[in-house]
Amino acid sequence: MRLPGWLDPWWHLDFDVTTDLGAARATAALVPGSGRMRGRKALDGSVIVVRRGGLVNQFVQARVTIASVAHVRIERPRFTKVFFVLAFVFVVIGQLAQVILAAAFDRSRLLESAVFLAYGAFIWVVVVAGTYTSARSEARDLQALITNALRGGR
């Protein structure tokens with residue numbers, strides 16, 4: 001089963017950019033960054049790029065692996081993905097366990113527990129879906145910036 005993108009903490013966007021720059025020049029085009037993006041080399045030789053500017057940003061980051069064709073993966077940072085999963089476990093799974101316990105041992109609290117389960121799940125969906133819209137917008141900007149930098153600013 002695959003979750004829709006707006007509900008998936010592991011949502012990502014993959015694309016390839018053909019570049020005439022060599023690996024060293026392509027890395028140099030991304031690492032210092034421009035006014036709108038900032039890059040740094042990772043230990044594995046790829047480049048991590050984030051968008052700069054705006055009131056709220058860095059919902060996503062790009063990992064660029066440079067060869068004759070640069071492979072780019074834009075995704076949420078690892079911290080964000082882990083946070084969403086832990087929040088789901090705490091808010092939804094934890095409340096589900098309370099509903100089950102209430103059904104088994106204290107039926108007078110069953111309705112209250114079920115309401116909190118629905119409320120927690122609703123909040124989780126709103127937060128994940130809300131950040132998805134910002135992540136998609138930022139991913140489009142970052143895709144354009146990276147493509148432009150790797151094509152020599154054309």
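About the cut-offs
- Sequence order as written defines the numbering, with residues in each chain counted from 1.
- The predicted nature of this model means local features are confined to residues of pLDDT at least 70 and side-chain atom pairs, given and counted, to a pLDDT of 80 or more, with totals for whole chains, interfaces and linings taken over all residues.
- As a convention, hydrogens and water are excluded, and side-chain values are obtained from all of the structure's heavy atoms.
- We call a set of buried Ala, Val, Leu, Ile, Met, Phe, Trp, Tyr and Cys residues a nonpolar core when their side-chain atoms join them within 4.5 Å.
- Relative accessibility under 20% of the residue-type maximum defines a buried residue, over 50% an exposed one, and the middle range a partly exposed one, all with a 1.4 Å probe and only protein chains included.
- Helix and strand labels come from DSSP, where a helix needs a run of H or I of at least four residues and a strand needs a run of E of at least two; each type is numbered from the N terminus.
- Two residues qualify as a contact provided that any one of their heavy atoms is within 4.5 Å of a heavy atom in the partner residue.
- We treat two strands as partners when DSSP finds at least two bridges between them.
- Note on geometry: axes are lines fitted to C-alpha atoms, helical ones only across the stretch in contact, with angles between N-to-C directions running from 0 to 180 degrees.
- Comment: arc refers to directions from the helix axis out to C-beta atoms.

### Focus: the nonpolar core
Working step 1: Counting residues in each nonpolar core, the largest one holds 24 residues, and the members touching the most others are Leu30, Val49, Val64, Val72, Ile74, Ile146 and Leu150.
Working step 2: Every element with two or more residues in this core is listed here: strand E1 (12-18), helix H1 (23-30), strand E3 (47-51), strand E4 (61-65), strand E5 (69-75) and helix H3 (110-150).
Working step 3: Among the elements that make up this core, the one with the highest residue count is H3 (8 residues).
Working step 4: Setting aside anything within four residues of it in sequence, one finds Ile146 in contact with Leu30, Met37, Val49, Ala62, Val64 and Val72.
Working step 5: Among the nonpolar cores identified, the runner-up in size contains 5 residues, and Leu7, Ala87, Trp124 and Val128 belong to it.

### A closer look at the sheet that holds E4
Working step 1: Across the sheet, 5 strands lie side by side as E1-E5-E4-E3-E2; this open sheet has antiparallel pairing. Of all the strands in the sheet, just E1 and strand E2 (37-41) have a single pairing partner and so form its edges. Averaged over all pairs of adjacent strands, the angle between their axes in this sheet comes to 25°, without regard to strand direction.
Working step 2: Pairing geometry for E4 and E5, over 5 bridges, is antiparallel. Each residue of the ladder has a partner; that of Gln61, found in E5, is Glu75.

### Regarding H1
Working step 1: Among the residues of H1, Ala26, Thr27 and Leu30 are the ones counted as buried. The buried residues of H1 all sit within an arc of 100° when viewed along its axis, so they share a single face. The exposed set on the far side of H1, more than 90 degrees from its buried face, consists of Ala24 and Arg25.
Working step 2: The elements touched by buried residues of H1 are E2, E3, E4 and H3.

By themselves, these are just geometric observations and shouldn't be taken as functional.
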